Amino acid sequence: MITLHDISYLRLGCRDLDQMVDFGTRILGLELRERTATHAYLRGDNSAFNLCYIQGDERYDASAFEVPALADLAQAEQELSALGIAVQHGDEAACEERRVDAFISFTDPNDNRIELVYRPHVTGVRYFPSRDAGITEFGHFGLHSRDIERDLAFWTEVMSARVSDRIGDGALLRIDEVHHKIALFSSDTTGVQHVNFQVASIDDVMRAWYFLQEQGVPIVFGPGRHPTSTAIFIYFLGPDNRVYEYSSGVKRITDEAGYVPRHFEMKPSSFCMWGARPNVKEFSE
Ligand SMILES: [Fe+2]
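These remarks concern the structure in this document. This structure is a prediction, so every number in the text was calculated from the model and none was measured.

## Some remarks on the nonpolar core
Residues Leu51, Tyr53, Phe65, Leu116, Trp155, Tyr244 and Tyr246 are the most contacted members of the largest nonpolar core, which totals 63 residues. Mapped onto the domain boundaries, this core takes at least three residues apiece from domain 1 (6–120) and domain 2 (135–283). Within the second largest apolar cluster, 14 residues are counted, among which are Tyr9, Tyr41, Phe49 and Ala62.

## Quick word on the coordination of the iron ion
The protein atoms that coordinate the iron ion are His140 (NE2), His194 (NE2) and Glu245 (OE), at distances of 2.0 to 2.2 Å. Donor residues for the iron ion, ordered by position in the chain, follow H-x53-H-x50-E. Residue His140 is found in strand β9 (residues 135–145), and its partner Glu245 is found in strand β16 (residues 243–248); the two are separated by 105 residues along the sequence. The class of His140 is buried, set by a relative accessible area of 3%.

## Regarding a nonpolar patch on the surface
A cluster of nonpolar side chains, namely Ile202, Met273 and Trp274, defines an oily patch on the protein surface of about 310 Å² accessible area. The residue Met273 is located in the segment after α6 (268–271) in this model.

## Some points on the environment of Phe221
With respect to the helices and strands, Phe221 occurs in strand β14 (residues 219–225). Separated by 104 residues in the primary sequence, Phe221 and Val117 place their C-alpha atoms 32 Å from one another.

Definitions and cut-offs
- Residues numbered from 1 in each chain as written.
- Predicted model: local features only at pLDDT ≥ 70, side-chain atom pairs only at ≥ 80, totals over all residues.
- Heavy atoms only, no water.
- Core = buried A, V, L, I, M, F, W, Y, C linked by side-chain atoms within 4.5 Å.
- Buried < 20%, exposed > 50% of the residue type's maximum accessible area, 1.4 Å probe, protein only.
- Domains from an automatic or database assignment.
- Donors = N, O, S within 2.8 Å, 3.2 Å for Na, K, Ca; no water.
- Helix = DSSP H or I, 4+ residues; strand = E, 2+ residues; numbered from the N terminus.
- Patch = residues over 30% accessible without salt bridge, like charges linked within 9 Å, V, L, I, M, F, W, Y side chains within 5 Å.
- Areas by Shrake-Rupley, 256 points an atom, 1.4 Å probe, with all protein chains shown as cover.
- Salt bridge = Lys/Arg side-chain N within 4 Å of Asp/Glu carboxyl O.

Everything listed here is a matter of geometry and, on its own, says nothing about what the molecule does.
What follows is the structure, given as structure tokens:
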């Protein structure tokens with residue numbers, strides 16, 4: 001079993017880096033930490049970065065998870081290789097590009113690009129938001145799944161994720177006490193399905209609702225409250241056509257031994273207990 005300590009970062013390809021830097025700072029409220037001709041590093045906490053936009057193929061993405069020890073990378077390579085999954089080692093330049101000490105990369109059974117990283121760099125400089133969005137941390141991300149049962153088996157038997165709740169075919173997975181840090185959504189494609197940042201309170205979610213509308217950002221779902229994680233949320237669309245989310249109040253599962261996942265019916269009310277209706281297919285019936 002490969003122990004996932006935490007989510008680490010997302011690498012997101014884009015066609016227009018300037019546009020994504022503008023969205024990341026002026027709309028999302030992230031801090032632009034570093035920028036090269038091809039890479040922009042943005043963050044909503046004290047990590048070196050949470051999102052790295054990369055000029056080029058807009059379909060490219062990769063999701064990274066931190067492992068606790070260097071030896072875990074070698075063990076992960078063994079376990080993945082035994083399953084017939086090809087593993088690449090990050091060289092020094094690739095580690096530098098990712099601000100980590102070491103990493104391996106592979107594609108999961110859904111062809112999602114996954115990176116396991118050791119010692120992602122943390123700064124001693126606090127996050128300085130570019131707008132007062134109220135972001136407290138990089139919360140979680142969704143991954144597409146073309147075969148949920150296959151991918152669930154991978155994430156819970158090969159990787160150390162645990163099911164917190166199911167909604168229809170979908171699955172919300174935890175890797176620590178936070179209700180979910182990975183969400184698997186039934187889909188016909190691969191890669192990152194949505195990107196979440198936690199905000200401090202319901203006030204930040206509601207401020208975002210008005211702010212995003214003023215800025216002409218398409219709202220795709222919410223404001224609402226998830227009956228699964230109890231988080232209050234709003235989802236909106238970036239210029240890269242990816243779905244972004246702010247949420248607040250995600251529940252923690254502290255009774256690890258006694259917790260039993262619930263299976264919510266596949267209805268909009270399982271995604272929002274207030275009655276909000278999504279206009280993206282992942283959250284619909
Ligand atoms: Fe989410």
